[in-house]
Amino acid sequence: MTPLVEVRDLWYAYPALAGVAPEWVLRGVNLQLRVGEVVGLLGATGAGKSTLALALNGSVPQSTGGQVRGEVMIEGLDSKRHPVAELATLVGIVFQDPETQFLQTTVEAEVAFGPENLGLPVAEIEQRVTWALRAVGLNELRRRSPAHLSGGEQQRVAISAILAMRPRILVLDEPTASLDPRGKTEVLEAIRALRSEHTILLITQDSEALAGFADRVLVLDHGQIVMEGNPIQVFEQVERLGELGLRPPEIREFAHCLNRELGASVFRFTDVEQAIEALRQAEVA
Amino acid sequence: MIQAPRLEAIDLWFGYAPERPALRGADLVVEPGEFLALVGQNGSGKSTLAKHLNGLLRPARGQVRLDGEDISGLSTGRLARQVGYVFQNPDHQLFSPSVEQELGLGPRYLGLTPAEVEDHVQGGLQSFGLQSIAQRGPGTLSFGLRRKVSIAAVATLRPPVFILDEPTTGLDWGSAAQLMDHFTELNLQGHSVILITHDMRLVVRYASRVAVMSEGRTVGSGTPVEIFRQPELLQSTRLEPPPIVQLVQRLASSGVEIEGLTVAAACRSFLAGYRVKLG
């Protein structure tokens, strides 16, 4: 089956001053997102994660300029030949700071903004807004001002506004990075509920969030994908992740420490439940 | 060694809007040389309380004392020399056309000689690895780098007390650990550090005491172990201990008794007490 998103050998450099050599932010990235997949993208600050996200709706390079090589195909459309406005109906991107995206005075107007700009009939807009707000558990707050909501609620408004465009592909760029633990839980639960109907790329530093959620994890470093696999395969490389400035799930680090001290690869758990199951069988020394 | 002052907030009341007070009788003591974590949900009053400790905000009621002296008579400038505040959003404190000038701003404002200012600036560039971007405008840098510059700008002043308001947001773990190690070093030299954060893994690794805030009041205080042993407090303030602490607690109810707040400690404790069948 053709992947929904296919990135082939993508190189990108932001515009440089005349006479200055381009600084490649992406250096030969290959990426496929298949229907219904949840893919996690990890990487240190400056690895190129957000640039890659923006390449998935054509904003990079259409809005940013700069130099580009390679291809990004979205549902068979070449991202260089189709306007961002068109690609944005296929790929919805949610950013870290939702308040910078808000333009309207009520939650429902915010969520209706995208569909209105698509020129949809009023009844269709209303139906989409209600659906998109319910999907993130915010229908009760539809008449409130986004400015007066908590961080977790604001981020869910931002997700809802993207959902109302009905994209099949969701790209979430560090959606929980500025939230407190309560907001983080709310947003991750909302994202979980979306997986059955969407293909999701979740960009995050939070390996704990990916451990029980992602089908695949990719690690980006200096513009290149340097690790790829299911969460267990990626997170068991504790030392490699550390070298890349990343923090594996803490429970996985614990398994790694036990294995190292025992001199054998005995434990492969990544979460609390698996760890209890494995460790309760140990005998008192 | 630096001798940091003792800071004390007593029954602070403050509201950005009169009908919704952000602080409702908050108390806090910061002992000289302490590494204190201030935790709680967004809106619980952490930043508001911390901003009272260096006079950025003045209370409607209550008192802040610096070495026993009421600070209401002290100027913000004089307080800034004692208590440095690193803002949550770096863009709220970066104004200069270059990183180098940004780092010199505070020392110049404190009236240091040009030679001393230069010393502070070079020291700051070096300790935070910013030499290569000394001439860049802060506005052209990534969030992670702007974050580092904003911290370096306060660190160059070497105030006896540092308040770090969510300093690691937007930083990867490698940069976050490097940053916190820097402040651990300053703490060992006698500086007090007040760390506002949601990251319990940082709290466990760096703080010796935790103060918990909820709805404008301080509702708990103790070592990380003491705080994580209070399920009701954790529930009511929606704090979540780090995964390894949750595992240690859950293992206890399965009859496996180990201790430790960090991976290394829990690992040692398990291997000392239990035998694992290999193969």
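These figures come from a predicted structure and were not determined experimentally.

1. Some thoughts on the overall build of chain A
On a plain count of helices and strands, chain A comes out with 12 helices and 11 strands. For a compact globule of 285 residues, the expected C-alpha radius of gyration is about 19 Å, and chain A comes in at 20 Å, within 12% of that figure. When its C-alpha atoms are laid out on the principal axes, chain A stretches across 70 × 55 × 35 Å. Split into buried and exposed, the 285 residues of chain A put 48% on the buried side. Of the contacts formed within chain A by residues at least 6 apart in sequence, a portion of 65% connects residues at least 24 apart.

2. A word on the confidence of the model for chain A
Taken as a whole, chain A shows an average pLDDT of 92; of its residues, 100% reach a score of 70 or greater. Between the elements of chain A, mean pLDDT differs from a low of 82, seen in strand β11 (residues 283-284) of chain A, to a high of 98, seen in strand β10 (residues 224-229) of chain A.

3. Section: the interface of chain A and chain B
Contacts between chain A and chain B engage 36 residues on the former and 35 residues on the latter. Ranked by residue count, the leading element in the side of chain A that touches chain B is helix α11 (residues 250-262) of chain A, at eight residues. Class assignment for the residues of the side of chain A that touches chain B results in 19 nonpolar, eight polar and nine charged. Of the strand pairs in this sheet, β11 of chain A and strand β11 (residues 274-275) of chain B are connected by two bridges, and their pairing is antiparallel. Bridge assignment links Glu 283 of chain A to a residue of β11 of chain B, and that residue is Arg 275 of chain B.

4. Remarks on the packing of helix α6 (residues 151-163) of chain A against helix α7 (residues 181-194) of chain A
All names here are of chain A. Orientation of α6 relative to α7, taken along the N-to-C sense of each, is 25 degrees, at an axis distance of 8 Å. Relative to α7, the element α6 lies roughly parallel. Helix-helix and strand crossings are classified by hand; for α6 and α7 the assignment is right-handed. When α6 is examined against α7, the residues Gly 151, Gly 152, Gln 155, Arg 156 and Ile 159 are found in contact with a partner set consisting of Arg 182, Gly 183, Glu 186, Val 187 and Ala 190. Its residues assigned to classes, the contact of α6 with α7 comprises three nonpolar, four polar and three charged.

5. Concerning the sheet that holds strand β4 (residues 61-66) of chain B
All names here are of chain B. The sheet built from four strands is open, its strands ordered β2-β1-β4-β5 with antiparallel pairing. The strands lining the two open edges of the sheet, one partner per strand, are β2 (23-30) and β5 (69-70). Here helix α1 (residues 46-53) sits on the sheet in contact with β1 (7-14), β2 and β4, set at roughly 125 degrees to β1.

6. Side note on the nonpolar core
Core analysis: the biggest nonpolar cluster contains 164 residues, and Phe 254 of chain A together with Leu 38, Ile 163 and Ile 194 of chain B have the highest contact counts within it. Broken down by element, the residue count for this core peaks at seven residues, all from helix α5 (residues 143-155) of chain B. Here Leu 38 of chain B is in contact with Lys 46, Ala 50, Ile 194, Leu 195, Ile 196, Ala 211 and Met 213 of chain B, once residues within four sequence places are set aside.

7. Here's the deal with the sheet that holds strand β8 (residues 192-196) of chain B
All names here are of chain B. Pairing within the open sheet is mixed, and its six strands lie in the order β6-β7-β8-β3-β9-β10. Each edge of the sheet is formed by a strand with only one pairing partner; in this case those strands are β6 (83-86) and β10 (217-222). This sheet shows a mean twist of 20 degrees between the axes of neighbouring strands, independent of strand direction. Where strand β3 (residues 35-39) lies against β8, four bridges are found, and the strand directions are parallel. When the sheet's bridge partners are listed, Leu 38 is paired in β8 with Ile 196.

8. Structural notes on the domain arrangement of chain B
Residues and elements named next belong to chain B. Partitioning chain B into structural domains gives domain 1 (7-95 + 141-237) and domain 2 (242-274). Each of domain 1 and domain 2 has a C-alpha centre, and these two points are 30 Å apart. Taken residue by residue, the interface counts seven residues in domain 1 and four residues in domain 2. Taken together, the elements giving at least two residues each to the side of domain 1 that touches domain 2 come down to α7 (200-206) and α8 (224-228). Among the elements that line the side of domain 1 that touches domain 2, the one with the most residues is α7, at four residues.

Conventions used here
Residues numbered from 1 in each chain as written. Chains lettered and ligands numbered in written order. Predicted model: local features only at pLDDT ≥ 70, side-chain atom pairs only at ≥ 80, totals over all residues. Helix = DSSP H or I, 4+ residues; strand = E, 2+ residues; numbered from the N terminus. Rg over C-alpha atoms; globule rule 2.2 N^0.38 Å. Buried ≥ 20, exposed ≤ 12 C-beta atoms within 10 Å, placed from the backbone. Contact = placed C-beta atoms within 7 Å. pLDDT = per-residue confidence, 0-100. Nonpolar A, V, L, I, M, F, W, Y, C, P; charged D, E, K, R; others polar. Pairing = 2+ DSSP bridges. Axes fitted to C-alpha atoms, helices over the stretch in contact; angles between N-to-C directions. Parallel < 35°, antiparallel > 145°, perpendicular 65-115°, else oblique. Left-handed = near helix turned anticlockwise from the far one by under 90°. Core = buried A, V, L, I, M, F, W, Y, C linked by C-beta atoms within 7 Å. Domains from an automatic or database assignment.

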